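Chain and residue survey
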Amino acid sequence: MNVCTHLRSLGIVGLALIINAAFAACRHSSAEDASGEVSLSRETAKDTTLAAAERALQAGHAWRATRLLAPVLRNSARRTPAAELLAARAAAGWQGWSEVDRLLRGQPWLGTQFGGAGYELLARSALERGTDTVSAASFADSALRRATDARVRATRLVLLARALDRLNQRDSARADYERASQQLHDISDWLVLRAAGVTDDSSARARLFAMVRRPTARERIPWTDALARERAGDLAGAASRYERLGAMASAFRLRLGPTADSATREAVRDSVIRYIGTKGGTADARLAVEVLDKAFPSLTPSEELVVARSAEASGPVARALTAYAKGIEASEATPKDRLDYGELLIRAGKNRDAPRVLEQVRAPSNLAAEAAYQRGRALLLGGNGPAARTALRAVADEYRADTTGAASALYLLGDLATDDGHDDEAAGFFRSLYRAYPTSPRADDARFRAGLISFIKGDHREAAIDFDSLVRLYPRSSEATAARYWSGRGWDAAGDRARAGAAWRDVISREPLSYYAAASAKRLRLAPWSPPGGRAA
């Protein structure tokens, strides 16, 4: 296998951008860097299917290679070690690590053919799946001892270092990362960083950090130093560095470690709560909540309220719900908190619990109106249609001074009446909405729905007037184009062909690419719009 292909799956943290640049240089290297590659190529040349699969792999079509090799593997006469290794390489190309294991585990030729390439694939598989780090180290060592090419050997050193790193054999991992960095110059800085990350001694880390040259890699030095201190047991030093980096959740986690006394824990607890309150709704706050929950299984209602306000925006929803259930009893809980809790219950599908919370919101009037409307929605979603309609009518009556709540209630009542087949009642709700609340975001849609109901009932002139008024009053509405078209339909049905034609031509001139333009052209018996001819630039 080409060392460039190996590098793609080294899986070193922080290498993603740099490795891409390294591959650009690797592409110029020969596919016959190692004796294993040479011997494999010789074997594949003997079988046209194997040769085609190898070409597919070199072109980046791993799944195609797998499909080409399937009939070969089913034929015992053609299932050679070369076919099995090539199939494993193809499976690795599409992250099929269980398939790599199935093909290679226990094969008798692993130690004698292809320069240890089979062992290398097994090491990569074990590392990627994270299932057996001891085997990963053993396979990587076996692959390393059979490498004859310097760059392939360095690549396998990285695989071995990764396994030793996971086994917490940090000194050995550091030595292997350093040795690999001396050969893999394209990613040497990142390998040196990995070596520093498993180095306990601060002066030794400083020596390694001094070797890092690339600016993008140097940006990772503070993070690597924090990680190394944590792994070495210097929790206070690591926490201080994480705090400087803004990684407060990591800093809090370390300060709440097993050696922290009760006074320290309480002080950190207060700091975490303040941090969540300040950063509420952010990803950082979400991480801080996780740290808090792990360290303190029981929180006070006031603390839960802080968590609830943050988790309501950042998630997870389940944590926000449990926090609100306790936090809503805190003395500082506000009507806005109860409204948010009720709406969250609806979002979570707990529609039978939401009305009880929402009905507690009585003031101020704008929140009370919204809560009353949401309570109606919850009753409807919970399957209690009659109670929902009663609640929504009450919103429209009691909170008529509130545009948002009353207009929303009227619109939903109109929608429900339409579903029930009560078109006159529905039209009444829609007309009440746009007449009483012309600035409501729902006013244009209500006017459109009322126009459609009039058209369906045969009141074509009234429908056309509704549609025309929508265009006049809300020219930028998303319904304006549709209203122009239906205005034409209304005037046409009312016998006014001139107004109908004018409306349809207006649609075509304003929105020539829209569905309604095509429909208008058909009504006018015109050819549909097509782009103007002319030579390409």
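Residues numbered from 1 in each chain as written. Predicted model: local features only at pLDDT ≥ 70, side-chain atom pairs only at ≥ 80, totals over all residues. Heavy atoms only, no water.

**Here's the deal with the overall build of the protein chain**
Our working definition: Elements are defined by DSSP. Helices are runs of H or I of four residues or more, strands are runs of E of two residues or more, and each kind is numbered from the N terminus. Our radius of gyration is a C-alpha quantity, and the globule rule it is checked against amounts to 2.2 Å times the number of residues to the power 0.38. With a 1.4 Å probe rolled over the protein chains alone, any residue whose accessible area is under 20% of its type maximum counts as buried; one over 50% counts as exposed, and the rest are partly exposed. Any two residues whose heavy atoms approach within 4.5 Å at even a single point are treated as in contact. The accessible surface values rely on the Shrake-Rupley method and a 1.4 Å probe; as for residues, cover is taken only from the protein chains in view.
A tally of helices and strands in the protein chain yields 32 helices and zero strands. What you see for the protein chain is a C-alpha radius of gyration of 35 Å, clearly larger than the 24 Å of a compact globule of 537 residues, by over 25%. Each principal axis of the C-alpha atoms in the protein chain carries an extent, and together these give about 90 × 75 × 45 Å. Residue burial in the protein chain is summarised as follows: out of 537 residues, 50% are buried. In the protein chain, once contacts between residues fewer than 6 apart in sequence are set aside, the share between residues at least 24 apart is 50%. Looking at the protein chain as shown, the accessible area adds up to about 26000 Å², and 50% of this sits on carbon and sulfur atoms.

**Observations concerning the packing of aromatic side chains**
Spelled out, the test is: Pairing of aromatic side chains here covers Phe, Tyr and the six-membered ring of Trp, requires ring centres within 6.5 Å, and sorts the geometry by plane angle: under 30 degrees stacked, over 60 edge-to-face, intermediate tilted. For a ring to carry a charge above it, either NZ of a lysine or CZ of an arginine must fall within 6 Å of the ring centroid while also lying within 35 degrees of the normal to the ring plane.
Per the stated rule, a full pass over the model turns up eleven aromatic pairs. Between tryptophan 109 and phenylalanine 114 the ring centres are 5.6 Å apart and the planes differ by 85 degrees, which places this aromatic pair in the edge-to-face class. By the burial criterion, tryptophan 109 is buried, and phenylalanine 114 matches it. The interplanar angle of 70 degrees and the centroid separation of 5.6 Å between the aromatic rings of phenylalanine 252 and tyrosine 275 together place this pair among those described as edge-to-face. Taken together, the residues span a long stretch of sequence, with phenylalanine 252 in helix 17 (residues 248-255) and tyrosine 275 in helix 18 (residues 262-278) at a distance of 23 residues. Comparing phenylalanine 252 with tyrosine 275 shows no difference in burial state: the two are buried. Here arginine 269 stacks its cationic end above the ring of phenylalanine 296, 4.7 Å away from the centre of that ring. In this structure, arginine 499 is placed above the aromatic ring of tryptophan 491, and the distance from its NZ or CZ to the ring centre is 4.3 Å.

**Considering the nonpolar core**
The criterion, for reference: In this description, a nonpolar core means a group of buried Ala, Val, Leu, Ile, Met, Phe, Trp, Tyr and Cys residues linked to one another through side-chain atoms lying within 4.5 Å.
In terms of nonpolar packing, the biggest core is built from 64 residues, with Val100, Leu104 and Tyr177 touching the most fellow members. With nine residues, the top contributor of residues to this core is helix 6 (residues 81-93). Excluding residues that lie within four positions of it along the chain, valine 100 makes contacts with Ala88, Ala91, Ala92, Leu121, Leu122 and Ser125. Residues Ala368, Ala417, Val471 and Leu524 belong to the second largest nonpolar core, which totals 47 residues.

**Some points on the environment of alanine 482**
As for its placement among the helices and strands, alanine 482 is situated in helix 30 (residues 480-493). Taking C-alpha positions, alanine 482 is 6.6 Å from tyrosine 516, a pair spaced 34 residues apart along the chain. When near neighbours in sequence (up to four residues on either side) are disregarded, alanine 482 contacts Phe448 and Tyr516.

**Re the packing of helix 24 (residues 365-381) against helix 25 (residues 385-398)**
Counted only if it meets this: Only the stretch in contact is used when fitting a helix axis, every axis being a line fitted to C-alpha atoms; angles between N-to-C directions are given from 0 to 180 degrees. We call two directions roughly parallel when the angle between them is under 35 degrees, roughly antiparallel when it is over 145, roughly perpendicular when it lies between 65 and 115, and oblique otherwise. What makes a crossing left-handed is the near helix being turned counterclockwise from the far one by less than a right angle; a clockwise turn instead makes it right-handed. Only Asp, Glu, Lys and Arg are considered charged, only Ala, Val, Leu, Ile, Met, Phe, Trp, Tyr, Cys and Pro nonpolar, and every remaining residue, Gly among them, polar.
As a packed pair, helix 24 and helix 25 sit with axes 7 Å apart at the nearest point and diverge in direction by 165 degrees. Relative to helix 25, helix 24 is oriented roughly antiparallel. Handedness of the helix 24/helix 25 crossing: left-handed. Contact with helix 24, carried on its side by Ala369, Ala372, Tyr373, Arg375, Gly376, Leu379 and Leu380, involves Gly385, Ala387, Ala388, Ala391, Leu392 and Val395 of helix 25 and no other residues of that element. For the contact of helix 24 with helix 25, the per-class residue count stands at ten nonpolar, two polar and one charged.

**Observations regarding the pattern of salt bridges**
Side chains bearing opposite charge may pair, as long as their charged atoms lie close to each other. To keep things clear, this is the line we draw: A carboxyl oxygen of Asp or Glu within 4 Å of a side-chain nitrogen of Lys or Arg is what we treat as a salt bridge.
Enumeration over the complete set of coordinates arrives at 38 salt bridges. Two residues, arginine 231 and aspartate 165, come together in a salt bridge whose shortest N-O distance is 2.5 Å. Within this pair, whereas arginine 231 is found in helix 15 (residues 221-232), its partner aspartate 165 is found in helix 10 (residues 150-166), the two being separated by 66 residues in sequence. A residue is classified by how much of its surface remains accessible, and arginine 231, at 27% relative accessible area, is partly exposed.

**What about the packing of helix 21 (residues 317-327) against helix 22 (residues 335-347)?**
In the contact formed by helix 21 and helix 22, the axes pass within 10 Å of each other and the chain directions differ by 140 degrees. In terms of their interaxial angle, helix 21 and helix 22 are classed as oblique. Crossing handedness for the pair helix 21 and helix 22: left-handed. The residues of helix 22 that touch helix 21, namely those facing Val317, Ala320, Leu321, Tyr324 and Ala325, are Asp337, Asp340, Tyr341, Leu344, Leu345 and Arg347. Looking at the contact of helix 21 with helix 22 residue by residue, the classes come out as eight nonpolar, no polar and three charged.

**What about the environment of asparagine 384?**
With respect to the helices, strands and loops of the structure, asparagine 384 is situated in the loop between helix 24 and helix 25. Using a relative accessible area of 36% as the deciding quantity, one classes asparagine 384 as partly exposed. Along the backbone, asparagine 384 and glycine 118 are 266 residues apart, and their C-alpha atoms lie at a distance of 65 Å.

**Section: helix 19 (residues 283-295)**
Worth spelling out the cut-off: Expected span, for any helix, means 1.5 Å times one less than how many residues it has. In this description, one arc is meant: the one made by directions from the helix axis to the C-beta atoms.
The first and last C-alpha atoms of helix 19 sit 19 Å apart over 13 residues, in line with the 18 Å expected at 1.5 Å per residue. Along helix 19, the residues that are buried comprise Ala285, Ala288, Val289, Val291, Leu292 and Ala295. Buried positions in helix 19, seen along its axis, are confined to an arc of 165 degrees and lie on one side of it. Exposed residues lying more than 90 degrees from the buried face of helix 19 are Ala283 and Lys294.

**Here we look at the side chain of arginine 489**
Using the following cut-off: Residues counted as positive are Lys and Arg, residues counted as negative are Asp and Glu, and His and the chain ends are not counted.
Positionally, arginine 489 belongs in helix 30. Of the side chains with opposite charge, aspartate 492 comes closest to the buried, unpaired arginine 489, at an N-O distance of 5.9 Å. With sequence-adjacent residues up to four places away left out, arginine 489 is seen in contact with Phe455, Trp504 and Arg523.

**Some words on the confidence of the model for the protein chain**
Heads up, the condition is: pLDDT measures how confident the predictor is about each residue, on a scale from 0 to 100.
With 91% of its residues at a pLDDT of 70 or more, the protein chain has an overall mean of 91. Segment residues 1-33: pLDDT under 50, and 61 contacts once partners within four positions in sequence are set aside and those in other chains are kept.

**Digging into unusual backbone geometry**
The omega torsion of the bond from glycine 315 to proline 316 falls at -5 degrees, within 30 degrees of zero and hence cis. Looking at where proline 316 falls in the secondary structure, it is placed in the loop between helix 20 (301-314) and helix 21. Unlike most non-glycine residues, glutamine 95 shows phi in positive territory, near 65 degrees. The residue glutamine 95 is located in the loop between helix 6 and helix 7 (97-104) in this model. Judged by its relative accessible area of 52%, glutamine 95 is exposed. You will see that phenylalanine 114, though not glycine, has its phi angle at about 65 degrees, which is positive.

**Some remarks on the environment of threonine 155**
Within the secondary structure layout, threonine 155 lies in helix 10. Relative accessible area serves as the criterion here: at 0%, threonine 155 is assigned to the buried category. When the C-alpha positions of threonine 155 and leucine 184 are compared, they lie 7.7 Å apart, and in sequence the two are 29 residues distant.

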